[in-house]
Amino acid sequence: MKIVLDANVIVAAFASHGLCESIVELCLHSHEILLCDELLEETLRNLHQKIGLPSSIVEDIGGLLREHSSIRSPVPLAPDICRDPDDIKILGLAVSANADCIVTGDKDLLILEEFQGIPILTPRSFSDILHATGD
């Protein structure tokens, strides 16, 4: 599957052991993670500023994500397509890469439920789907 992982999911994966960590690990090994430069920068910035990881570790995580993800450019979308303009890049990335789903904890995205036929799922919903399909 081609999966857009929002920054909040990736940050949570490196912040503590739990569901998001399991999802990121599974996606790194068995699926295609889709990122754009803005999303990667947001993730790395939050790992350093919000979680307090040292710069050297953040750089290593950045290298890991670049190596094991597909970096794509989001398609431009109307600025009023969702409640939070910062989330437009996520939707544009999913469309440009023909993603199978978006995994996020962001309520401004989750309220949409889907975008142009692409499901927008919580980490728990995504995990449930993977377990139901055996992926």
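This is a predicted model, so every value here is computed, not measured.

Caption draft 1: Spotlight on the overall build of the protein. Looking only at helices and strands, one finds seven helices and six strands in the protein. N-terminal to C-terminal, the α/β element order of the protein is β-α-α-β-α-α-β-α-β-α-β-β-α. By principal-axis analysis of the C-alpha atoms, the protein measures approximately 40 × 35 × 25 Å. The buried share among the 135 residues of the protein stands at 43%. Here the analysis covers contacts within the protein between residues at least 6 apart in sequence; of these, 59% occur between residues at least 24 apart. Total accessible area on the protein stands at roughly 7000 Å², and carbon and sulfur atoms take up 50% of it. Here the protein contributes 9 positive and 22 negative side-chain charges, whose respective centroids are spaced 2 Å apart.

Caption draft 2: Main features of the pattern of salt bridges. On inspection of all chains with the given rule, the structure shows three salt bridges. In this structure, the salt-bridge partner of Arg72 is Glu32, at a minimum N-O distance of 3.3 Å. Of this pair, Arg72 sits in the loop between β3 (69-71) and α5 (88-96) while Glu32 sits in strand β2 (residues 32-35), placing them 40 residues apart in sequence. The class of Arg72 is partly exposed, set by a relative accessible area of 31%. Note on Glu32: relative accessible area 25%, which makes it partly exposed. With its nearest N and O atoms 3.1 Å apart, the salt bridge here joins Lys89 to Glu42. Placement of Lys89 in helix α5 and of Glu42 in helix α3 (residues 37-49) is noted, with a sequence separation of 47 residues between them. What makes Lys89 buried here is its relative accessible area of 13%.

What counts and how
Residues numbered from 1 in each chain as written. Predicted model: local features only at pLDDT ≥ 70, side-chain atom pairs only at ≥ 80, totals over all residues. Heavy atoms only, no water. Helix = DSSP H or I, 4+ residues; strand = E, 2+ residues; numbered from the N terminus. Buried < 20%, exposed > 50% of the residue type's maximum accessible area, 1.4 Å probe, protein only. Contact = heavy atoms within 4.5 Å. Areas by Shrake-Rupley, 256 points an atom, 1.4 Å probe, with all protein chains shown as cover. Lys, Arg positive; Asp, Glu negative; His and termini not counted. Charge placed at Lys NZ, Arg CZ, Asp CG, Glu CD. Salt bridge = Lys/Arg side-chain N within 4 Å of Asp/Glu carboxyl O.

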